[in-house]
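Reading the structure
Chain by chain, the residues run as shown.
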Amino acid sequence: MESTEAILLRKRKFSDTTLIVSWCTELIGCVQTIAKGARRPKSPFAGKLDLFFEAEISIVRSRKTDLHTLAEVVLKNPFAGIRSNYLRTQTAAYFVELIEICTERDHREPELFGLLRRAFGYLDANDPTTRAVAHFETELARIAGVHGRKSVRDAVSVPREAVNFPYSAASALGNLFGRLPLSRTPLLKTLAAEAKNSAK
């Protein structure tokens, strides 16, 4: 049994009673867990497994696969403010997609967890901006060890909007991992429109 701080990234139905839950954890990296009985009304997991929740989790590692067993969840912060506004939710979902693209499963990276927790803390209390998205991308590129290695002009197979963005972090990540989330373009357009409307 291992325990760690974790943020819930994604969940999906596995069976009538069971969920597959993905986490970004502080001590064991990004992991997938099977939550047996989680969909039952009286499950000990009831009310504790929702998107972007921060929790203390205990897992039993599988020796055969990268799907581990979720044993216990203690909710610490639901980041309720993220779900109070669609744009906050959209930005949090983009951060999750970016982390999933840029990380290997079961690879310990405490800085990554800290970055996501700070980002969700920000979104819990503030509406997102293009500057906030750029900061997240820059920090993620730094953690990945690629920020500053390539200029924006060196970007290959990266969407034009990533290259035109005033920070090279997104293109550096796109170069390294082969792609950026498709949700990035509509998110940046929406954020730019919101900023324009606010300036009026």
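Given the structure is predicted, the values throughout are model-derived calculations rather than measurements.

Details of the overall build of the chain
In terms of helices and strands, the chain carries 6 helices and 5 strands. Going from N to C terminus, the chain has its helices and strands arranged as β-β-β-β-β-α-α-α-α-α-α. A total of 200 residues make up the chain; the buried ones form 44% of that total. Considering only intrachain contacts with a sequence separation of at least 6, the fraction spanning at least 24 residues in the chain is 61%. Counting every atom, the chain has about 10,600 Å² of accessible surface; 50% of that belongs to carbon and sulfur.

A few points about the confidence of the model for the chain
Residues with a pLDDT of 70 or more make up 89% of the chain, whose mean pLDDT is 89. Note that pLDDT drops below 50 for residues 149-167; the model gives that stretch 30 contacts with residues more than four away or on any other chain.

Focus: the sheet that holds strand β2 (residues 19-25)
The strands making up a sheet associate through hydrogen bonds between their backbones, and the pairing can be parallel or antiparallel. Pairing is mixed in the closed barrel, where 5 strands are placed in the order β1-β2-β3-β5-β4. Averaged over neighbouring strand pairs, the angle between their axes works out to 55° when direction is ignored. Both strand β4 (residues 54-60) and strand β5 (residues 67-77) contribute to a ladder of 7 bridges, which runs antiparallel. From the neighbouring strand, Glu56 faces β5, where its bridge partner is Val74. Its contacts with the sheet put helix α2 (residues 110-125) on β1 (2-13), β2, β3 (30-35) and β4, and the angle it makes with β1 is roughly 65°.

Here's the deal with the packing of aromatic side chains
Each aromatic ring pair is characterised by the separation of its centres together with the angle its planes make. In this structure the tally under the stated criterion is 4 aromatic pairs. Taking 5.9 Å as the distance between ring centres and 75° as the angle between the ring planes, the aromatic pair formed by Phe79 and Phe120 counts as edge-to-face. Of this pair, Phe79 sits in the loop between β5 and α1 (86-102) while Phe120 sits in helix α2, placing them 41 residues apart in sequence. When sorted by exposure, Phe79 lands in the same class as Phe120, which is buried.

Some points on the packing of α1 against helix α3 (residues 130-144)
Interaxial distance between α1 and α3 falls to 11 Å at its minimum, and their mutual angle equals 15°. One finds that α1 runs roughly parallel with respect to α3. Here α1 runs over α3; the crossing is right-handed. Residues Thr91, Tyr94, Phe95, Leu98, Ile99 and Cys102 of α1 form the contact with α3, whose own contacting residues are Ala132, Val133, Phe136, Glu137 and Leu140. Split into classes, the residues belonging to the contact of α1 with α3 amount to 9 nonpolar, 1 polar and 1 charged.

Topic: the side chain of Glu5
Its location among the elements puts Glu5 in strand β1. Reaching out from Glu5, the side chain makes a polar contact with the side chain of Lys76 at a distance of 3.1 Å. Filtering out sequence-adjacent residues up to four positions away, Glu5 remains in contact with Cys24, Thr25, Glu26, Glu54, Ala55, Glu56, Lys76, Phe113 and Arg117.

Some details on the pattern of salt bridges
A full pass over the atoms with the stated rule returns 11 salt bridges. Shared partners join several salt bridges into a network, and the residues in it are Glu5, Glu54, Lys76 and Arg117.

Here's the deal with the pairing of β4
Across the 7 residues of β4, 5 count as buried, placing the element largely inside the fold. Alignment of β1 against β4, held across 6 bridges, turns out to be antiparallel. Across the sheet, the residue bridging to Glu2 is Ile59, located in β4.

Re helix α6 (residues 184-199)
The first and last C-alpha atoms of α6 sit 23 Å apart over 16 residues, in line with the 22 Å expected at 1.5 Å per residue. For α6, the full list of buried residues reads Arg184, Leu187, Leu188 and Leu191. Mapping the buried residues of α6 onto a view down its axis gives an arc of 95°, with all of them on the same face. Residues of α6 that are exposed and point more than 90 degrees away from the buried face comprise Lys189 and Lys196.

Thresholds, definitions, all that
- For every chain, the first residue of the written sequence is number 1, and numbering continues from 1 onward in sequence order.
- Local features are withheld for residues below a pLDDT of 70 in this predicted model, meaning they are given only at 70 or higher, and side-chain atom pairs are given and counted only at 80 or more; totals for whole chains, interfaces and linings count all residues.
- Side-chain metrics rest on all non-hydrogen atoms present in the structure, leaving aside hydrogens and water.
- Only DSSP runs of H or I reaching four residues or more are called helices, and only runs of E reaching two or more are called strands; each is numbered from the N terminus.
- Between buried and exposed lies partly exposed: a residue is buried under 20% and exposed over 50% of the maximum accessible area for its type, with that area taken using a 1.4 Å probe on protein chains only.
- Two residues qualify as a contact provided that any one of their heavy atoms is within 4.5 Å of a heavy atom in the partner residue.
- Only the protein chains shown count as cover for residues, and the accessible areas themselves come from Shrake-Rupley with a 1.4 Å probe.
- What pLDDT expresses is the predictor's confidence in each residue, scored from 0 to 100.
- In short, DSSP must find at least two bridges between two strands for them to pair.
- To get an axis, a line is fitted to the C-alpha atoms, and for a helix only the part in contact is used. The angle between two axes follows their N-to-C directions and goes from 0 to 180 degrees.
- Each Phe, Tyr or Trp ring (for Trp, its six-membered ring) is paired with any other whose centre lies within 6.5 Å, and the angle between the two planes then decides the class: stacked below 30 degrees, edge-to-face above 60, tilted in between.
- Orientation labels follow simple angle bins: below 35 degrees gives roughly parallel, above 145 gives roughly antiparallel, 65 to 115 gives roughly perpendicular, and whatever is left gives oblique.
- Handedness of a crossing is defined here by the sense of rotation of the near helix relative to the far one, left-handed for an anticlockwise turn of less than a right angle and right-handed for a clockwise turn.
- Under this grouping Gly is polar, as are all residues other than the nonpolar Ala, Val, Leu, Ile, Met, Phe, Trp, Tyr, Cys and Pro and the charged Asp, Glu, Lys and Arg.
- N or O atoms within 3.5 Å of each other form a polar contact, as long as, within protein, one can give a hydrogen and the other can take it, and as long as residues adjacent in sequence are counted only when both atoms are side-chain atoms.
- In the sections that follow, a salt bridge refers to a side-chain nitrogen of Lys or Arg positioned within 4 Å of a carboxyl oxygen of Asp or Glu.
- The span you would expect from a helix comes to 1.5 Å times its residue count less one.
- By definition, the arc is the one covered by directions from the helix axis to the C-beta atoms.

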